[in-house]
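Tertiary structure, described
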Amino acid sequence: MENLVTIIHVIACLGVIGLVLMQHGKGADMGAAFGSGSSGSLFGVSGSSNFLSRTTAIFVLVFFLTSISLAFIAGQKSGTGSVVKETESSEVQKSSETKSSEAQSNSSSGAQNIPK
């Protein structure tokens, strides 16, 4: 389920990026009015802005819904414990493992560690 939502999320993200880059800004109309560009497009004069803006809005809606869904899934997956407590317990566990490995190395070396 999480993989499917992630795939949809990435597709929506790429769709939003592509559609925003395809749209022209408000300044492009002024250049076309003075004759420095063609004001027509593939979808017609005003059809492209309506089509692209509506499609962008749909992709943005899907992007936000999948973002919220992924956050909810991640929240359900993790425990209700504290991050600080988990960090402290892992540090205590690592220090006890280090002490036990040092004790084993000291006992195996025997008389080599005795100062002269």
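Residues numbered from 1 in each chain as written. Predicted model: local features only at pLDDT ≥ 70, side-chain atom pairs only at ≥ 80, totals over all residues. Heavy atoms only, no water.

**Things to note about the UniProt feature "transmembrane region" (unreviewed entry) in the chain**
Under the present numbering, the feature "transmembrane region" (unreviewed entry) in UniProt falls on residues 51–75. Note that residues 51–75 is 100% helix and 0% strand, and that its end C-alpha atoms are spaced 36 Å apart. (UniProt positions renumbered as here; feature names shortened; annotations may be inferred. Helix = DSSP H or I, 4+ residues; strand = E, 2+ residues; numbered from the N terminus.)

**A word on the packing of aromatic side chains**
Aromatic ring pairs are defined here through the distance separating the ring centres and the angle between the ring planes. Scanning the model with the defined rule gives one aromatic pair in all. Between Phe 63 and Phe 64 the ring centres are 6.0 Å apart and the planes differ by 65 degrees, which places this aromatic pair in the edge-to-face class. For Phe 63, a relative accessible area of 25% puts it in the partly exposed group. (Phe/Tyr/Trp six-rings, centres within 6.5 Å; stacked < 30°, edge-to-face > 60°. Buried < 20%, exposed > 50% of the residue type's maximum accessible area, 1.4 Å probe, protein only.)

**Considering the pattern of salt bridges**
Applying the stated rule across the entire model yields one salt bridge. With a closest N to O distance of 2.6 Å, Glu 2 and Lys 77 form a salt bridge. Of the two residues, Glu 2 sits in helix α1 (residues 2–22) while Lys 77 sits in helix α3 (residues 47–77), which places them 75 residues apart along the sequence. Accessibility expressed as a relative area gives 32% for Glu 2, which makes it partly exposed. For Lys 77, a relative accessible area of 60% corresponds to the exposed category. (Salt bridge = Lys/Arg side-chain N within 4 Å of Asp/Glu carboxyl O.)

**Thoughts on the confidence of the model for the chain**
Mean pLDDT over the chain stands at 76; residues scoring 70 or higher make up 53%. When pLDDT is averaged over each helix and strand of the chain, the minimum, 61, is found for helix α2 (residues 27–33) and the maximum, 95, for α1. (pLDDT = per-residue confidence, 0-100.)

**Focus on a nonpolar patch on the surface**
A grouping of Val 10, Leu 14, Ile 17 and Leu 21 is seen on the molecular surface, where their side chains present a nonpolar patch of about 420 Å² in accessible area. For Val 10, the location among the structural elements is in helix α1. Under the relative-accessibility criterion, Val 10 is labelled partly exposed at 43%. (Patch = residues over 30% accessible without salt bridge, like charges linked within 9 Å, V, L, I, M, F, W, Y side chains within 5 Å. Areas by Shrake-Rupley, 256 points an atom, 1.4 Å probe, with all protein chains shown as cover.)

**Points about the side chain of Thr 56**
Positionally, Thr 56 belongs in helix α3. Discounting residues that sit within four places of it in the chain, Thr 56 has contacts with Leu 19, Val 20 and Gln 23. (Contact = heavy atoms within 4.5 Å.)

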